[in-house]
Structures are given as C-alpha cells and as structure tokens.
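Reading the structure
Single-letter residue listing:
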Amino acid sequence: MTLITKDIDTAVKELLSGNVVGLPTETVYGLGANALNDKAVLKIYETKERPVFNPVIVHVYDTEDLGKYAVNIPDEVFKLAEMFSPGPLTFVLKKRNNIPDIVSAGNDSIGLRIPSHPVFRKVLKETKLPVAAPSANRAGRISPTSAEDVMSELKDRINYILDGGKCQIGIESTIISFTGDHPKILRHGFVTKEEIEKVIGKTKEEYSGKISSPGQLKSHYAPKTPIRCEDDLVKEDILNKKIGFLDFGMYSDYKEIALNLFSDLRKMDELKYEIIIWRRLKNEGLGIAINDRLNRASYAMSNEQ
Ligand code: TXA
Ligand code: MG
C-alpha cells in the first residue's frame with residue numbers, strides 16, 4: 001500500500017533504510033533514494049521501469065556539496081549557482097568515484113542540483129545524504145506535479161509519498177553540462193538559455209533528440225491519449241474523432257503555462273478524447289522548454305511506438 005504523508009521524518013527514515021520515496025521539489029515530484037547506495041538507486045530504476053542507460057540527477061543541500069561528488073568544477077558553475085541555486089538548474093560535472101556507477105548509468109559524469117523546495121531541503125539536511133531523484137512518473141509518462149499525481153503513477157510500488165503541495169514551477173530543471181570544452185545545454189527547463197548566457201556567455205546546445213544520448217529520449221511526457229501539434233495534423237488524425245484542444249488561453253504568461261502544463265495534460269488524459277491537439281508557442285524563453293515537452297509527448301504518436 002502507498003501512503004501520502006506530510007511527516008518529513010517518515011521520508012527521512014525511508015531514505016536512510018535504503019527505500020525509495022516520493023518527494024516534492026519546486027519543479028516536479030521526484031522519486032528519491034540514497035545516491036550512495038547502489039541497491040537503493042536500483043529500486044528507482046525498477047519502480048519507474050526506467051531504462052538503465054538513462055542516468056539520474058542527484059540532489060544536494062548547498063553549493064559546497066557539489067565538490068563532494070564532482071571534480072574539476074569550473075568557475076562558471078559557481079557563478080550560475082550563485083544566481084540560480086537553490087533552484088531549477090542541474091549541473092552535469094565530472095563525477096567522483098564515491099558515486100555508484102548506476103547513478104550515472106556508467107558515464108563518468110554526474111548531474112547535481114540544489115533544490116529550493118523547503119520540504120526537500122529539510123529532507124536533505126536531516127538525512128545528510130545526496131538524494132538521487134528522477135521525476136516520479138513511470139518511464140516515458142507525464143511528470144507529476146502533486147502528491148496525488150505521484151500516487152496515480154506509482155501506487156503500490158512505493159511505501160510513501162511526502163506531500164509538499166503543488167509544485168510551484170511545474171516543469172523540470174534546465175540541465176547544463178560542463179564535461180566538454182564548452183558549456184552545453186542538455187535539456188531546456190525553467191531557467192532559460194538567455195538567463196544562463198547573461199551569466200556565463202555563449203553556450204552550445206546538444207538537444208538533437210538522439211536516442212543514444214542520455215536525457216534526450218525523443219518520446220517522453222506522453223499522455224495515454226494520442227497528442228499532436230496542430231501544425232503536423234493530417235486528415236486521418238481528426239476525421240470522426242473526439243478532439244480535445246489543450247488551451248492555454250486562460251494563462252497570462254509562459255510561467256503560468258509551465259506551471260499548469262503537466263496537470264492540464266493529465267486532466268485532459270482523463271477526459272477520453274481520441275486525440276489532443278496543441279498549438280506551438282513562440283520558440284523563445286520558456287516557450288522553448290514548453291514546446292519541447294509537447295513535441296516529445298507527440299513523438300510517440302507520430303512514430304507509432
Ligand atoms: O527538475 C528536475 O530536474 C526533476 C526534479 C525531480 O529534480 N528531475 C528530473 O529528473 O527531471 P529526470 O531523471 O526525470 O530527468 C533528468 C534527466 C534525464 O533525462 C537524464 O538523462 C539526465 O537528466 N541526466 C542525469 N544525469 C545525467 C548525466 N550525468 N549526464 C547527462 N544527462 C544526465
Ligand atoms: Mg523525467
């Protein structure tokens with residue numbers, strides 16, 4: 001049985017005893033485990049049915065902790081951390097050997113993030129552990145932004161979900177890698193490329209959707225209902241179908257769209273449409289991350305999994 005709890009000590013105990021637990025972050029809910037315990041991290045992969053070639057992000061309490069799990073950290077990381085951490089930015093760095101291979105899926109890098117959610121921060125402080133936590137959805141599905149969403153994804157697969165309310169950001173962290181000779185954005189997220197470049201100058205992008213690169217699976221964030229961008233529709237997609245439009249008209253800006261994106265997708269998925277149609281946002285600022293999530297959600301359909 002899976003229980004939703006507000007008791008932080010319960011989550012702390014679960015982590016210390018090598019179990020996985022649903023945890024609130026400011027971006028989306030995570031499925032956490034002790035990052036130093038390879039058996040605990042394996043449970044994350046099993047619970048999510050996540051492919052083992054896809055590494056997981058590790059959450060730490062503050063900037064000083066980065067050096068405990070990563071080496072050769074360039075100055076740009078500290079500049080960015082000063083600006084955006086705690087918060088929705090993940091640094092991919094060269095990992096130290098104290099991090100088990102399963103965390104990084106055999107790569108010699110590690111994704112580190114300092115989350116700002118006060119409940120998650122208490123968990124980090126009390127456990128004194130680095131906490132590995134990918135989003136708490138089953139692999140390929142919509143990321144959860146409330147404890148109830150985690151329940152609908154992982155019911156009976158985990159003991160506890162720590163309830164920290166609805167996520168205040170609603171879309172995942174931006175991932176930037178410093179393992180090559182140039183900073184590279186691996187996943188667009190809440191912190192935009194423009195904001196990052198104001199601090200460290202030009203970045204490169206590696207966001208081709210090649211299935212071989214971790215973090216870049218083409219098909220992801222997918223509802224059960226087929227979903228497609230209006231620009232890509234063909235007649236057969238909509239002929240005699242019950243159509244649902246993903247409508248962002250009531251939201252005043254892209255932040256508000258990001259905040260509601262996954263929960264709206266989940267709600268629409270319950271409404272038994274035969275196809276969900278969405279309209280592409282301007283590909284700038286946070287629009288890039290939102291379009292990206294919806295493109296990936298649509299990919300499964302256009303390529304008949
Ligand atoms: O906002 C977030 O980042 C949320 C919350 C829970 O922190 N986490 C999250 O984790 O979105 P996940 O696992 O759903 O997505 C993390 C992505 C994965 O696609 C993974 O491939 C990539 O980060 N990643 C993790 N470690 C990496 C590494 N060492 N090198 C390259 N990519 C990495
Ligand atoms: Mg995810």
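What counts, and at which threshold
- Residues numbered from 1 in each chain as written.
- Chains lettered and ligands numbered in written order.
- Predicted model: local features only at pLDDT ≥ 70, side-chain atom pairs only at ≥ 80, totals over all residues.
- Heavy atoms only, no water.
- Buried < 20%, exposed > 50% of the residue type's maximum accessible area, 1.4 Å probe, protein only.
- Helix = DSSP H or I, 4+ residues; strand = E, 2+ residues; numbered from the N terminus.
- Arc of directions from axis to C-beta.
- Contact = heavy atoms within 4.5 Å.
- Expected span 1.5 Å × (residues − 1).
- Bend = angle between axes of the 7 residues up to and from the residue.
- pLDDT = per-residue confidence, 0-100.
- Pairing = 2+ DSSP bridges.
- Right-handed = clockwise from strand over helix to strand, strands pointing away.

Taken together, the buried positions of helix α7 (residues 193-200) are Lys 193, Ile 196, Glu 197 and Ile 200. Each buried residue of α7 sits inside an arc of 95 degrees when the element is viewed along its axis, so together they form one side. Against α4 (75-84), β6 (89-95), β10 (174-177), β11 (184-187) and β12 (204-205) lie the buried residues of α7. Positioned one or two residues after α7, Gly 201 has a phi angle of 80 degrees, which is positive.

Glancing now at helix α9 (residues 254-270). Between its first and last C-alpha atoms α9 spans 24 Å; for 17 residues at 1.5 Å apiece the expected length is 24 Å, and the two agree. At Leu 261, α9 shows its maximal kink, close to 45 degrees. Among all positions of α9, only Ile 257, Ala 258, Asn 260, Leu 261, Phe 262, Ser 263, Asp 264, Leu 265, Arg 266, Met 268 and Asp 269 are buried. Downstream of α9 by a residue or two, Lys 272 has a phi angle that is positive, lying close to 60 degrees.

Turning to the confidence of the model for the protein, a few remarks are in order. The pLDDT averaged across the protein works out to 93; a share of 94% of its residues lies at or above 70. Counting contacts from residues 208-215, a segment whose pLDDT is below 50, to residues more than four positions away or on other chains yields 11 contacts.

Before going further, it helps to examine the side chain of Thr 90. Examined against the element boundaries, Thr 90 turns out to sit in strand β6. Excluding anything up to four places from it in sequence, Thr 90 contacts Ile 57, Gly 111, Leu 112, Arg 113, Ser 173, Thr 174, Ile 175 and Ile 176.

This paragraph deals with the pairing of strand β3 (residues 30-34). Burial analysis of β3 places five of its five residues in the buried class, the great majority of the element. Examined bridge by bridge, strand β2 (residues 21-23) and β3 share three bridges and lie antiparallel to one another. Among the inter-strand pairings, Val 21 is bridged to a residue of β3, identified as Gly 32. Count of turn residues in the β2/β3 antiparallel hairpin: six residues. Note that β3 and strand β8 (residues 131-132) share two bridges and pair antiparallel. Residue pairing across strands places Ala 33 opposite Ala 132, the latter belonging to β8.

Turning our attention to the pairing of strand β15 (residues 275-278). As a general feature of sheets, a regular strand has side chains that alternate between the two faces. Across the two faces of β15 the burial is the same, with Ile 275 and Ile 277 and Ile 276 and Trp 278 all buried. Bridge analysis of strand β13 (residues 227-229) against β15 gives three bridges, and the strand direction is parallel. Its bridge partner lying in β15, Ile 227 is registered against Ile 276. In this sheet, β15 lies alongside strand β14 (residues 243-245) in parallel orientation, the contact comprising three bridges. From the neighbouring strand, Phe 245 faces β15, where its bridge partner is Ile 277. Between β14 and its parallel partner β15, the chain crosses via α9, and the hand of that crossover is right-handed.

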